[in-house]
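# Observations on the three-dimensional arrangement
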Amino acid sequence: MQTITLENKAILVTGAAGFIGSNLVKRLLNDTRTATIIGIDNMNDYYDVSLKEYRQKQLQDTRFIFIRGDIADRQLIDRIFAEHKPAVVVNLAAQAGVRYSITNPDAYIQSNLIGFYNILEACRYNPVEHLVYASSSSVYGSNKKVPYSTDDKVDNPVSLYAATKKSNELLAHAYSKLYNIPSTGLRFFTVYGPAGRPDMAYFGFTNKLRKGETIQIFNYGNCKRDFTYVDDIVEGVVRIMQGAPEKKNGEDGLPLPPYNVYNIGNSSPENLLNFVDILQQELIRAGVLPEDYDFEAHKQLVPMQPGDVPVTFADTTPLERDYGFRPSTPLRQGLRAFAEWYVEFYK
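Our subject in this report is the structure included herewith. What you see is a predicted model, and the numbers here were worked out from it, not measured in a lab.

Calculation notes
Residues numbered from 1 in each chain as written. Predicted model: local features only at pLDDT ≥ 70, side-chain atom pairs only at ≥ 80, totals over all residues. Heavy atoms only, no water. Salt bridge = Lys/Arg side-chain N within 4 Å of Asp/Glu carboxyl O. Buried < 20%, exposed > 50% of the residue type's maximum accessible area, 1.4 Å probe, protein only. Helix = DSSP H or I, 4+ residues; strand = E, 2+ residues; numbered from the N terminus. Phe/Tyr/Trp six-rings, centres within 6.5 Å; stacked < 30°, edge-to-face > 60°. Core = buried A, V, L, I, M, F, W, Y, C linked by side-chain atoms within 4.5 Å. Contact = heavy atoms within 4.5 Å.

### Description of the pattern of salt bridges
Summed over all chains, the structure comprises 18 salt bridges. Taking the shortest distance from any N to any O, the salt bridge between Arg197 and Asp199 comes out at 2.8 Å. For Arg321, the salt bridge goes to Asp322, with nearest N and O atoms at 2.8 Å. The exposure class assigned to Asp322 is partly exposed, which follows from its relative accessible area of 28%.

### Here we look at the environment of Pro290
Tracing the backbone shows Pro290 in the loop between helix H9 (272–286) and strand S17 (299–301). Pro290 sits in the partly exposed class, given a relative accessible area of 43%.

### Regarding the packing of aromatic side chains
Two numbers describe a pair of aromatic rings. These are the distance of the centres and the angle of the planes. Taken as a whole and judged by the stated rule, the model has 30 aromatic pairs. Between Tyr202 and Phe338, the aromatic rings sit 4.8 Å apart at their centres with planes inclined by 80°, giving edge-to-face as the arrangement. Of this pair, Tyr202 sits in helix H7 (residues 201–210) while Phe338 sits in helix H11 (residues 331–346), and the two are 136 residues apart along the sequence. You can call Phe338 buried: its relative accessible area is 0%.

### What about the nonpolar core?
Nonpolar side chains tend toward joint burial in soluble globular proteins. Within the largest apolar cluster, 68 residues are counted, with the highest numbers of intra-cluster contacts made by Ile11, Val13, Leu24, Leu28, Phe188, Tyr202 and Met241. With residues near it in sequence (within four places) discarded, Leu24 still touches Val13, Val90, Leu92, Val234, Val237, Val238 and Met241. By size, the runner-up hydrophobic cluster in this structure holds 24 residues, among which are Ala10, Ala122, Cys123 and Tyr133.

So this is what it looks like as structure tokens:
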């Protein structure tokens, strides 16, 4: 492991107005005194832009430079690297969501493939100490073996989104091997928390319940998800940024790819019905829903959706071994923080 200091460095965070990106920038501004953080985000309208603007407003700091633009714009990316010379790059910009990829494949090819390729090319021609990038638990597809290990074969994606994320890992591996770029991919597991993504179940459910609409629970409630609180994700990212895979040569004298992939998940899958039950309790506690809310009347159990998987479950042993960290925020604590934020934001 190559130790990297973040002080006196330029750090590029793509997707900086996104859910994980904005939380990461905030944390980096708090943790460092002399680092400059460059954020890029295209502020697209895949979901409510006012949420992205809200997150971005929390990041007012002289050490934070925000650029509104798209990582699929090669000239812009090259210009950012030439001007700011980032030593550490965290690529979180991506078109997210499994279901949207079924109807809008173009967005995924642009952002997740062309955009990521642009970042890799820029890392190739600039002295980048560590490239950290978001992959996803969706790469495991309908893997029957649980918990999911990064040693598992992941060649059966069940959505285009998953296929693009697996492609990111393959591209990063090739660039690490060919150009000796230290890169670490992070397979995130169902990230949730305050100011999260409205297309995620917990947020969408909350919006619907508040309006008195019925929520649909897929696979008749028999799905399990490894819900991971956003602060745990950020903690993992910050630790990994500071420990890059070591550059070393193999027996043939050629570089071994300085390349790693880790799961970041809570490694305790929750049944969806249990999850929704805790969510509605916390929404009542926060005052989003009335005390006498008839939850049973507002839920409907329906079959599985295309592109969905029945269970996600992270094996985080390598993360614990290499970085001394495992996510551990209890679901109720995380959903309480979300419910309290929701009241504030929508009052």
